[in-house]
Amino acid sequence: MPDDTLFAQVLDEANRANPYPLFAELRRNPVARQSDGKYVVSGYAALRSVIFDPRLSSEDLPSSRRPRTGNPFKDWVLNRIKDRVSNAHRPLIFRDPPDHDALRALVMDQFGPGRVNALHGRVGELVDGMIDAVRGRDEVCLVEDLSYPLPVAVICDLLGVPSEDEPRFQHWSTQLATALEPDARRDDETRGANARTFDEIAAYMHQLIARKRKSPADDMLSGLANGAGKQVMGDVDLISTAILLLVAGHETTVNLITNGMLTLLRNPHELEKLRADPERAPRVIEEVLRFEPPVQFRTRKALGDIEVASVTIPKGSAVVLLIAAANRDPLRFPDPDRFDPDRQDNQHFGFGGGLHYCVGAPLARIEVEIALVSLCRRLVEPRLLVDPPPYRSGASLRGPEQLGISIAGVR
Amino acid sequence: MVVGASLAGLRGAEALRRNGYDGPLTIVGAEPHAPYDRPPLSKHVLAGELAPGATTLPVLETLDARWRLGTPAVSLDPRARTVGLADGTALAFDKLLVAIGAQARPWANADETRLTGVFTLRGRDDAQALCTALAASPARVLIVGGGLIGCEAASCCRDLGLAVTLVDPNATPLARSLGAKIGQTIVERMKRAGVDFRPNAKVRALVGDPAGRVSSAVLHDGAAIAVDLVIVALGAVRSVSWLAGAELQADGAGLTCDSACRALFADGRPSPDIYAAGDVARWPNAIYGGRLVSVEHWGNAVAQAIHAARNMLAAPDDQSDYVHLPAFWSSQFGVNIKAVGLTDGADALAIVHGTRASHRFLAVYGKAGRTIAAVSFDQARWLPAYAEQILAGAPFPPIMHASDQPVVERLAPGFPPPRAAASQGAADA
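Treat the numbers as computed from the prediction; the structure is a model and nothing was measured.

Cut-offs used in this document
- Residues numbered from 1 in each chain as written.
- Chains lettered and ligands numbered in written order.
- Predicted model: local features only at pLDDT ≥ 70, side-chain atom pairs only at ≥ 80, totals over all residues.
- Heavy atoms only, no water.
- Helix = DSSP H or I, 4+ residues; strand = E, 2+ residues; numbered from the N terminus.
- Rg over C-alpha atoms; globule rule 2.2 N^0.38 Å.
- Buried < 20%, exposed > 50% of the residue type's maximum accessible area, 1.4 Å probe, protein only.
- Contact = heavy atoms within 4.5 Å.
- Areas by Shrake-Rupley, 256 points an atom, 1.4 Å probe, with all protein chains shown as cover.
- Lys, Arg positive; Asp, Glu negative; His and termini not counted.
- Charge placed at Lys NZ, Arg CZ, Asp CG, Glu CD.
- Pairing = 2+ DSSP bridges.
- Patch = residues over 30% accessible without salt bridge, like charges linked within 9 Å, V, L, I, M, F, W, Y side chains within 5 Å.
- Salt bridge = Lys/Arg side-chain N within 4 Å of Asp/Glu carboxyl O.
- Polar contact = N/O pair within 3.5 Å; in protein donor to acceptor, adjacent residues only side chain to side chain.
- Nonpolar A, V, L, I, M, F, W, Y, C, P; charged D, E, K, R; others polar.
- Axes fitted to C-alpha atoms, helices over the stretch in contact; angles between N-to-C directions.
- Parallel < 35°, antiparallel > 145°, perpendicular 65-115°, else oblique.
- Core = buried A, V, L, I, M, F, W, Y, C linked by side-chain atoms within 4.5 Å.
- Expected span 1.5 Å × (residues − 1).

## Focus on the overall build of chain A
Okay, so step 1: A count of helical and extended segments in chain A gives 19 helices and twelve strands.
Okay, so step 2: By the compact-globule yardstick of 22 Å for 411 residues, chain A fits well, its C-alpha radius of gyration being 21 Å.
Okay, so step 3: Reported as C-alpha extents along the three principal axes, the dimensions of chain A are approximately 60 × 60 × 40 Å.
Okay, so step 4: Out of the 411 residues in chain A, the part that is buried amounts to 58%.
Okay, so step 5: In chain A, once contacts between residues fewer than 6 apart in sequence are set aside, the share between residues at least 24 apart is 73%.
Okay, so step 6: Accessible area of chain A: about 17400 Å², with a carbon and sulfur share of 51%.
Okay, so step 7: A distance of 3 Å separates the average location of the 52 positive side-chain charges in chain A from that of its 58 negative side-chain charges.

Here it is, written out as structure tokens:
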């Protein structure tokens, strides 16, 4: 009898530092039913099959429910309307075609190679400044000193969010990111707090978008709000899209940078190789995405009976796409628990796959490449202070909360 | 030895090395160029976005090969195990991979073919010549044939701002591969792009001016169109003439192989030494009940060459069957088209995602109650799921309960009647 509580153990914070033995257990059944009825897809072949399957819906978010205020008009009329609007205009990661496709196309219009590649210089400046700032110290916290502030500054630049407003987002963003965590998002208190946070950030975005319409600048939000001669998405979708991009910029790349540096510090030989040969960076990054993906899993809902790996996932089931487990499937990757940037044919699912493949992947690759290469080249004798480091609470958006590194100087 | 220095030849040679073959390796190619990629020729290259010379394929293994480029193979002697080249030399081989491909089907009238301004599009040199001619802003381009190459060329010419007439013998372009119902979407895209599409029409003759430049085309009904550039896009003929004396089963349909990619002798025995892959090969595909098929698509060239190379190095009792689900893609008139499976013999069609009106949909083809093929217009992300349905022999139409599945619309696919055998070699338009 297979253990049908393995995924619950994955969610348990006690296993955050090393969930990989649990993943290995899970993979013994590439599609495993859990005691709560969830189906966890952890085998590479099975994941590849379902990630392209149109019967898996991303519209699995519990409906929005604003908390009671005691004011009958708000509780019975206004907030009910707001809940309905929220449900109908989810951010596109929680939407299915055809709506998803239309929204994604408009985002991609603003997120093309031109705009993304133009960020190289800016990312380089930011990274240099952040490393310069730790000169004279013998300990750094990578998360506070670089991996959190870097993507945040970049996404604010890109969207056109004034940097003085940025501190307000930290709390908002952390709150909204719980939408990806299965336990938190079913919790009534979290749902209420999410709805409240959404309203706050939406009010801010509403004003910001109005400003971008009045005086457009060369940023994504101006482009999305004014359409550049093309179709413009509705205002509610525009706000939820802007919030999505902002939250994604705050909560994902941070893990990729931190996981990358953590992995390199655990494999000093690879760190030295990257230092000596920055051309290796793309291989290193792809291997980090396989080995320690910043988004460990996503959830879906089955719209029909889906047969995969000799298991039928019944219609209506919750499905977990366990990317981090598939990325270490020994049937697909030889010696999967070894960090090996020279691996051939490294077709990982670190950025997802299919319809919802990460829109920000090219941007993340640029940020992480510049960050990791600069850290390896400029930090003198970096050593991990604590291993394993303390982790953030998220099981899906998994990454260290702090990463203490001792250094002998800055080059 | 590998005969053919294009995609299949290169990938086959790489696979030989990757699988451990360390003996001498010779690669023979008719063209003087190192292996290059053909799909961009009728797309980005014609549109002027990519130089013809920028299509060279990356070499993924250390080949350490002797290259005989620019010297076409002209004969094969399976008994002596030699290949004769155009320069008179004969090269011996132990094992041979025939990956020679196909050529553009020429215009039926050789005199008319020689008129200045009449082009075909198959190789890099063709693309180079055509690009140069298009850059001179011809007043009207005539494209003969509405297959993939014809449609892609028409799309590029319109992007360049040139007036385009496309003549096709069927009711719509791509009718033979996708059926007229889906082809109708292409007609609408062409209309929107401003292509003068002439359905159910044939070109009877190309007429030149006294200087030997093409000046007009006469259609089957006697109507004349003034043109100063003609692209003949009548499909391809497989390069088998050099195999005439080889006692192999080679004809206009390709070089026939067994399921392990071994070329068949006239008496039906498989050759132990001669393998084939890519456009030229014709083999029994288990997915389609062992029917002999040849697949002139990029993905097949790669997969079949790799498979054949593996078998070339394996023992005679360790030959594995090549099974392949054909697939192709095209970009034209702002639409990304992807298809999997073979539509041959399809008797039903269903739109399973999107709508034809939006020009964004996924359609599946059925034959005798089973799903055999699928095509997507700007909807490619769902295609792999339907590829699995085809491989599983799923019923038609597969009701997926998909996230954006409309009420499934069932249609007749509208394929033209099969070509008469006699017209196989002749002009199709």
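Now that the structure has been shown, we can carry on.
## Focus on the overall build of chain B
Okay, so step 1: Per the secondary structure count, chain B includes eight helices and 29 strands.
Okay, so step 2: Relative to the globule expectation of 22 Å for 429 residues, the C-alpha radius of gyration of chain B, 22 Å, shows essentially globular dimensions.
Okay, so step 3: Taken along the three principal axes of its C-alpha coordinates, chain B extends 65 × 55 × 40 Å.
Okay, so step 4: By the burial criterion, 53% of the 429 residues in chain B qualify as buried.
Okay, so step 5: Within chain B, counting contacts between residues at least 6 apart in sequence, those at least 24 apart form 62% of the total.
Okay, so step 6: Of the roughly 17100 Å² of accessible surface on chain B, a fraction of 53% belongs to carbon and sulfur atoms.
Okay, so step 7: Distance from the positive charge centre (39 side chains) to the negative charge centre (39 side chains) of chain B: 4 Å.

## Focus: the sheet that holds strand β23 (residues 291-293) of chain B
Residue and element names in this part refer to chain B.
Okay, so step 1: If you walk across this open sheet you meet the four strands as β18-β19-β22-β23, and the pairing is mixed. Here the strands that pair on one side only, and so sit at the sheet edges, are β18 (250-251) and β23.
Okay, so step 2: Where strand β19 (residues 254-256) and strand β22 (residues 281-285) come together, two bridges link them in parallel fashion. Looking at the pairing, Thr256 lines up with Arg282 of β22.

## Some remarks on a nonpolar patch on the surface
Residue and element names in this part refer to chain A.
Okay, so step 1: A surface patch of nonpolar side chains, about 600 Å² in accessible area, is lined by Phe73, Trp76, Val77, Leu78, Ile81, Val85 and Val236.
Okay, so step 2: Broken down by element, the nonpolar patch gets its largest block of residues, six residues, from helix α4 (residues 72-88).
Okay, so step 3: Its place among the elements puts Val77 in helix α4.

## Remarks on the pairing of strand β8 (residues 318-321) of chain A
Residue and element names in this part refer to chain A.
Okay, so step 1: As defined by bridge partners, strand β2 (residues 39-41) adjoins β8 across three bridges and the pair is classed as parallel. Bridging from a neighbouring strand, Val40 pairs with Val320 of β8.
Okay, so step 2: Pairing analysis gives four bridges linking strand β5 (residues 298-302) to β8, with the strands arranged antiparallel. Looking at the pairing, Arg300 lines up with Val319 of β8.

## As for the interface of chain A and chain B
Okay, so step 1: Taken together, the contact between chain A and chain B spans 15 residues of the former and 15 residues of the latter.
Okay, so step 2: At the junction of chain A with chain B, the criterion picks out one salt bridge.
Okay, so step 3: Where chain A meets chain B, there are four residue pairs in polar contact (both at pLDDT 80 or more).
Okay, so step 4: Of the residues in the side of chain A that touches chain B, the class split is six nonpolar, three polar and six charged.

## Re the packing of helix α15 (residues 253-266) of chain A against helix α16 (residues 268-276) of chain A
Residues and elements named next belong to chain A.
Okay, so step 1: As a packed pair, α15 and α16 sit with axes 5 Å apart at the nearest point and diverge in direction by 110 degrees. Put simply, α15 runs roughly perpendicular to α16. Taking contact as the criterion, the partners of Met261, Leu264, Leu265 and Arg266 in α15 are, on α16, Pro268, Glu270, Leu271 and Leu274.

## Quick notes on the nonpolar core
Okay, so step 1: By size, the foremost hydrophobic cluster in this structure holds 118 residues, and its most contacted members are B:Leu76, B:Val83 and B:Ile182.
Okay, so step 2: When sequence neighbours within four positions are dropped, the list of residues in contact with B:Ile182 reads B:Leu349, B:Ile351, B:Phe361, B:Ala363, B:Tyr365, B:Val375 and B:Phe377.
Okay, so step 3: Counting 91 residues, the second largest nonpolar core, distinct from the first, contains A:Leu106, A:Trp172, A:Val284 and A:Ala371.

## Looking at helix α17 (residues 281-291) of chain A
Residues and elements named next belong to chain A.
Okay, so step 1: Among the eleven residues that make up α17, nine are buried, leaving the element largely enclosed by the rest of the structure.
Okay, so step 2: Every buried residue of α17 is accounted for by Ala281, Val284, Ile285, Glu286, Glu287, Val288, Leu289, Arg290 and Phe291.
Okay, so step 3: Of the surrounding secondary structure, the elements contacted by the buried residues of α17 are α2 (20-27), α15, α16 and α19 (361-378).

## Here's the deal with the pattern of salt bridges
All names here are of chain A.
Okay, so step 1: Summed over all chains, the structure comprises 51 salt bridges over all chains.
Okay, so step 2: The closest approach of N and O atoms between Arg266 and Asp387, which form a salt bridge, is 2.7 Å. Residue Arg266 is found in helix α15, and its partner Asp387 is found in the loop between β10 (383-384) and β11 (404-406); the two are separated by 121 residues along the sequence.
Okay, so step 3: Residue Arg266 is classed as partly exposed on the basis of its relative accessible area of 33%.
Okay, so step 4: Note on Asp387: relative accessible area 45%, which makes it partly exposed.
Okay, so step 5: Overlapping salt bridges, with partners in common, bring together Asp128, Asp132, Arg135 and Arg378 in one network.

## Focus: α15(A)
Okay, so step 1: The end-to-end C-alpha distance of α15(A) is 20 Å, a good match for the 20 Å that 14 residues give at a rise of 1.5 Å each.
Okay, so step 2: Summarising burial for α15(A): 13 of the 14 residues are buried, a large majority.

## Details of the sheet that holds strand β3 (residues 66-69) of chain B
Remark on secondary structure: sheet strands pair via backbone hydrogen bonds, oriented parallel or antiparallel.
Residue and element names in this part refer to chain B.
Okay, so step 1: Strands sit in the order β3-β2-β1-β7-β21-β20 across an open sheet of six strands; the sheet is mixed. The open sheet is flanked by β3 and β20 (262-264), the only strands paired with a single partner.
Okay, so step 2: Here strand β1 (residues 2-3) runs beside strand β2 (residues 26-29); their pairing, made up of two bridges, is parallel. Each bridged residue has a counterpart across the sheet, and for Val2 the counterpart in β2 is Ile27.

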